[in-house]
Every structure is written in structure tokens, then in C-alpha cells.
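Chain by chain, the residues run as shown.
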Amino acid sequence: MALPIVAIVGRPNVGKSTIVNRIAEADEAIVHEMRGVTRDRSYHEADWNGVHFTLVDTGGIEVASDDAFQGNITAQALEGANEADVIVFVVDGKTGINNDDEAVARILQRADKPVFVAVNKLDTPGNTDALWEFYGLGLGDPWPVSALHGHGTGDLLDAVVDELRELDLADRTADDADAINVAIIGRPNAGKSSLTNRLTNGERSIVSDVAGTTRDAVDTLVEHDGRAYRIVDTAGLRRKSQIDEDVEYYGFVRAMRAIDRADVVLLVVDSPLGLTNEDQRVAGYALERGRAMGIVLNKWDIVGGPEEKAAIRERIADRMMFVGFAPVVAISALTGKNADKVWALIDKAYAAFNRVVPTNQLNTWLAGIRETGHTVSKGKAVLRMKYVTQTGTKPPQLTFFCNRPDIVTDNYERFLENSVRRAFDFEGTPVRLRFKKKD
């Protein structure tokens, strides 16, 4: 059953992400004194007094701003509030009410949702003098909190979960525990957010031609053909030496965490720009972590003729040979052309990621390898493989019992991997091979 949703909203720099991290007991939301750091809405699991819920961190709402992203940020924040069951409206207890606070309050008064006004930055417990002004927002009793020190957050959460307990959530059927985790990765401006929005049927992530728009890893739970997927749009990855803003560095860390918890990673390549060294590095991150993978050639509709398209595919096959198991699809995330092929790619890679091959079938295959006489030797020692069994999934791991595991070469290991892939269809997932001594 899907978890109830608590949205954290408010104008910029009032401490929303600090409150999210305090409640979620994690450092998942980026906290920085720069305005507009949180641009998309991001999702975090939380628990209080045995009540589990999803916490939504939203971008700061500003009515009048010359920030190129502010209109989208505000829309994202309001959408986060719209999908919430309970809203926590964060205001700054040190600076008091301003025009943006009043504008947000007017919107929330019409939301027909339970709203809690959290007056943040009241770092001295018992200081209630600053609260009286916030009754003027017309949203009920304000709650004094200090997200930095934790004061008052427990009382606020007690009230929030009491409200959640009264909600009728019986009609929620999405089972997010069984969702397939899909991380969308790639260089900045390759079209990751456009693909996320295409897969989730909504303006889930802010889309812009400005590189680095997405700074946090952003989760969305969706259902497609009766199956649940958690789509994670990540910040664009580039070499650490090229990351000179600390905010961007934290976004890089979140993206790596998204890869760590993914089942399937989609590497989005900017087709007109072509494959770059950064794309290879990003694929290497996912391979190191043993994730299933597919390659999405985005913006395919604006690539030149057949010769140019063939050259791009040839370059992919050549330079991405180290992840040659990853299927490739060519799409336009912006127009939606061939985007449905991405779902089939995810399902195929996920099935291979979890595939279990019976031991008798593996040893029948191994017997065929032995019959060919293809083996390796070192001096007088000749490799003799006696038995093989699958010892893991996610990704699949095969363990070979043999007389001399120390003489197995990289080339022979690649030969075995290619052969087992042909025999058992492991397209879309890495396969780990281990060799153990058996006398």
C-alpha cells in the first residue's frame, strides 16, 4: 500500500530541507544557504511513532522573482502540496511574515488539506513571543520549531501523525515495496528530466536547456501495465575535477546513491552530441555497482540521416564494449517517439538481473564447454572446471569449482561470460564469475 504523503512547503531559505533531514533522520535533502537550491520536489521515507509516511521536499515559492527557474519551482512546489495528505508550511521565525508567506498562505487556505504552520529558527525553547504574528496567516496555531537543534519537531510530528492516522488510506493500491527502482543517469543536459517526465506522464522534473538544472535525485512512483516503478531522475554526472560548486557536488553524491539503490540504470546519451568520455565514466559507475543497464540514445529525431545514425550506433558498440550487455534504444523524450521501448528495456533488464538458472542446466552447458576442449594452461598446469552453480542474483553470480583458479585469464573469463550469455539470455545485466579451488 502506498504511504501517506507529507509535503514541506514555504518560501526559499526558511529551512525546509533542514526540517526534511531532521524528520527523515538522513542527509538526503541538500541544505545550503543559496536560494533556490531545491528546485524539484524530492521524496524521502520517514517514520514517527510507528507511522510510516513519505516526506516531500519542495522548492521555495517566490511570487515575484527574476530567477529563470522560479515559475517552474513554484509550480513544482504547488504540485507537491496538491498531491499531499498533510502540508507543513515552514516560515522563518526570525524574519517574520513577508509577501511570499502571505501568498502561500492564501493558496493553502483553499487547498482543503490539513496544514501545520512550522515557525522555524526559534532556537531557544519556550520562546513563544515570536509566534503571535503568524496567527495572521489564518492557518491555525503556529508550531515553534528549531530544525537545526531539533526543538519542537517531536511535538509537531505527533500532531502530523495523529492527522495521518485519521485519514482513510484503504483505497491506496500501489505497492511501492515491490517497485522496480530505475535510476536515470547521464551527463548534464542529455535529456534525463525530459525522459523522467515522459515516463511519469507529468512535469515531474524541471526541464531546461541550462545544464545542471536537476541538483537532487528525484523519485517518482508510477504504474505501467499493472507494474510499479520508482523512477529516479538524477543530477548530471561529470568528473569530480569538474565539480566546482559544493551544491553540485552534493547533487553528484545523491546521484551515486541513486545508482546504489537502483535495480536498473538508464544511461541517457545526447545523440547529436555523440558519446563522450563522461558517458563512459557514468556507465562505469553503474557497472562497478553491479546494476542492470540500458542505453537510451535521446534526441534521435534531430540526428542527421541514416549514415550519421549508423555511425553513432557503431561508436556506441565500440566505446561501450565494457557494458556490451546493455541493450540500446533510440528515442525522442521530448516528442515521445519510441519512448514506449524504454519500458520493454527496463522489464527485460530487470528480468535478467533477477534470473536464476537451475544448476543442472548450468552443468549441461559446462559439459559442452569441456567437450570443445577450450581451456587455459600455465606451464604444465591445465585448468579443469568440474562444476558450476549460481550463487547470487542482482546481478547474477556464477561460481565455478576448478583445480587451478589462479590460472584463469581475463580473456578466458570473457569467453565464459559471452558463452553463458548466449545460452541463458542475460541481456541487460552484468554477470559476475567466481572461481574456487576444488581438489
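Everything numeric in this text was worked out from a predicted model, so none of it was measured. (Residues numbered from 1 in each chain as written. Predicted model: local features only at pLDDT ≥ 70, side-chain atom pairs only at ≥ 80, totals over all residues. Heavy atoms only, no water.)

**Comments concerning the overall build of the protein**
Put simply, the rule reads: Put simply, DSSP H or I for four residues or longer makes a helix, DSSP E for two residues or longer makes a strand, and each gets a number counted from the N terminus. Throughout this description, buried means an accessible area under 20% of the type-specific maximum (1.4 Å probe, protein chains only), exposed means over 50%, and partly exposed covers the range between. Surface exposure here means Shrake-Rupley accessible area, sampled with a 1.4 Å probe, where a residue is shielded only by the protein chains that are shown.
For the protein, the helix and strand inventory stands at 11 helices and 17 strands. Burial statistics for the protein: of 439 residues in total, 53% are counted as buried. When the accessible surface of the protein is split by element, carbon and sulfur atoms take 46% of a total near 20,000 Å².

**Thoughts on the sheet that holds strand 15 (residues 385-392)**
Selection criterion: The rule for pairing is simple: two strands pair if DSSP sees at least two bridges between them. A fitted line through C-alpha atoms serves as each axis, taken over the contacting stretch for helices, and the angle formed by two N-to-C directions is quoted from 0 to 180°.
With respect to topology, three strands assemble into an open sheet ordered 15-16-17, the strand pairing being mixed. Because the sheet does not close on itself, it has two edges, and the strands there are strand 15 and strand 17 (432-437). Looking at each pair of strands side by side, their axes are set apart by 25 degrees on average, direction ignored. In this sheet, strand 17 lies alongside strand 16 (residues 397-402) in parallel orientation, the contact comprising six bridges.

**Description of the packing of aromatic side chains**
We apply this condition: Side-chain rings of Phe, Tyr and Trp, where Trp is taken by its six-membered ring, are said to pair if the distance between their centres is within 6.5 Å; with planes under 30 degrees apart they count as stacked, over 60 as edge-to-face, and otherwise as tilted.
Summed over the entire model, instances satisfying the criterion amount to seven aromatic pairs. Through successive ring pairs, a cluster of aromatic residues spans Trp365, Phe400 and Phe435.

**Things to note about the pattern of salt bridges**
Note the following rule: The salt bridge definition used is simple: a Lys or Arg side-chain nitrogen within 4 Å of an Asp or Glu carboxyl oxygen.
Under the criterion given, the structure shown has 10 salt bridges. Salt-bridge contacts for arginine 165 lead to aspartate 162; the nearest nitrogen and oxygen are separated by 3.0 Å. On the criterion of helical spacing, the pair formed by arginine 165 and aspartate 162 is a turn pair, its members being three residues apart in helix 4 (residues 153-166). Accessibility expressed as a relative area gives 42% for aspartate 162, which makes it partly exposed. Taken together, the shared-partner salt bridges connect Lys348, Asp425 and Glu427 into one network.

**Examining the environment of threonine 364**
Its place among the elements puts threonine 364 in helix 10 (residues 359-372). Accessibility expressed as a relative area gives 58% for threonine 364, which makes it exposed. Along the sequence, threonine 364 and tyrosine 387 sit 23 residues apart, while their C-alpha atoms lie 9.9 Å from each other.

**Here we look at the pairing of strand 9 (residues 227-233)**
In terms of burial, strand 9 is largely enclosed, as six of its seven residues are buried. With five bridges connecting them, strand 7 (residues 180-185) and strand 9 associate as parallel partners. Bridge pairing in strand 9 links alanine 183 to valine 232.

**A short note on helix 7 (residues 277-288)**
Rule in force here: One fewer than the residue count of a helix, multiplied by 1.5 Å, yields its expected span.
Over its 12 residues, helix 7 runs 16 Å from end to end, which matches the ideal 16 Å to within 8%, given 1.5 Å per residue. Considered for burial, the residues of helix 7 that qualify are Glu278, Asp279, Val282, Ala283, Gly284, Tyr285 and Ala286. Once helix 7 finishes, glycine 290 follows within two positions and takes phi at roughly 70 degrees, a positive value.

**Here we look at the confidence of the model for the protein**
To keep things clear, this is the line we draw: On a scale of 0 to 100, pLDDT captures the predictor's confidence in every residue. Residues count as neighbours in contact if any of their non-hydrogen atoms are within 4.5 Å of one another.
Looking at the protein, pLDDT values average 79 and 78% of them are 70 or higher. The low-confidence segment residues 238-251 (pLDDT under 50) makes 22 contacts with residues lying over four places distant or belonging to another chain.

**Things to note about the pairing of strand 15**
Where strand 15 meets strand 16, six bridges bridge the pair, whose relative direction is antiparallel. Paired with threonine 389 across the two strands is threonine 399, which belongs to strand 16. As consecutive antiparallel partners, strand 15 and strand 16 are separated by four residues, and within that stretch lysine 394 has a phi angle of approximately 55 degrees, a positive value.

**A word on unusual backbone geometry**
Lysine 394 connects to proline 395 through a cis peptide bond whose omega is 0 degrees. Locating proline 395 in the fold gives a position in the loop between strand 15 and strand 16. The backbone phi angle of asparagine 49 is positive, close to 50 degrees, even though this residue is not glycine. With respect to the element layout, asparagine 49 can be found in the loop between strand 2 (42-48) and strand 3 (51-57). With a phi angle near 60 degrees, lysine 299 is a residue other than glycine that sits in the positive phi range.

**Concerning helix 5 (residues 192-200)**
In terms of burial, helix 5 is a largely internal element, eight of the nine residues being buried. For helix 5, the full list of buried residues reads Lys192, Ser193, Ser194, Leu195, Thr196, Asn197, Leu199 and Thr200. Of the residues flanking the end of helix 5, it is asparagine 201, one or two places downstream, whose phi is positive at about 60 degrees.

**Some remarks on the side chain of arginine 291**
Put simply, the test is: In protein, a polar contact means a hydrogen-donor-capable atom and an acceptor-capable atom, both N or O and within 3.5 Å, with residues adjacent in sequence counting only if both atoms are side-chain atoms; elsewhere, any N or O pair within 3.5 Å suffices.
If you trace the backbone, arginine 291 turns up in the loop between helix 7 and strand 11 (292-298). Residue arginine 291 is classed as buried on the basis of its relative accessible area of 15%. Here arginine 289 takes part through its backbone oxygen, which lies 3.4 Å from a polar atom of the side chain of arginine 291. Ignoring sequence-local partners within four residues, the contact set of arginine 291 consists of Ile259, Asp260, Ala262, Asp263, Val265, Ala286, Phe325, Phe353, Lys394 and Pro430.

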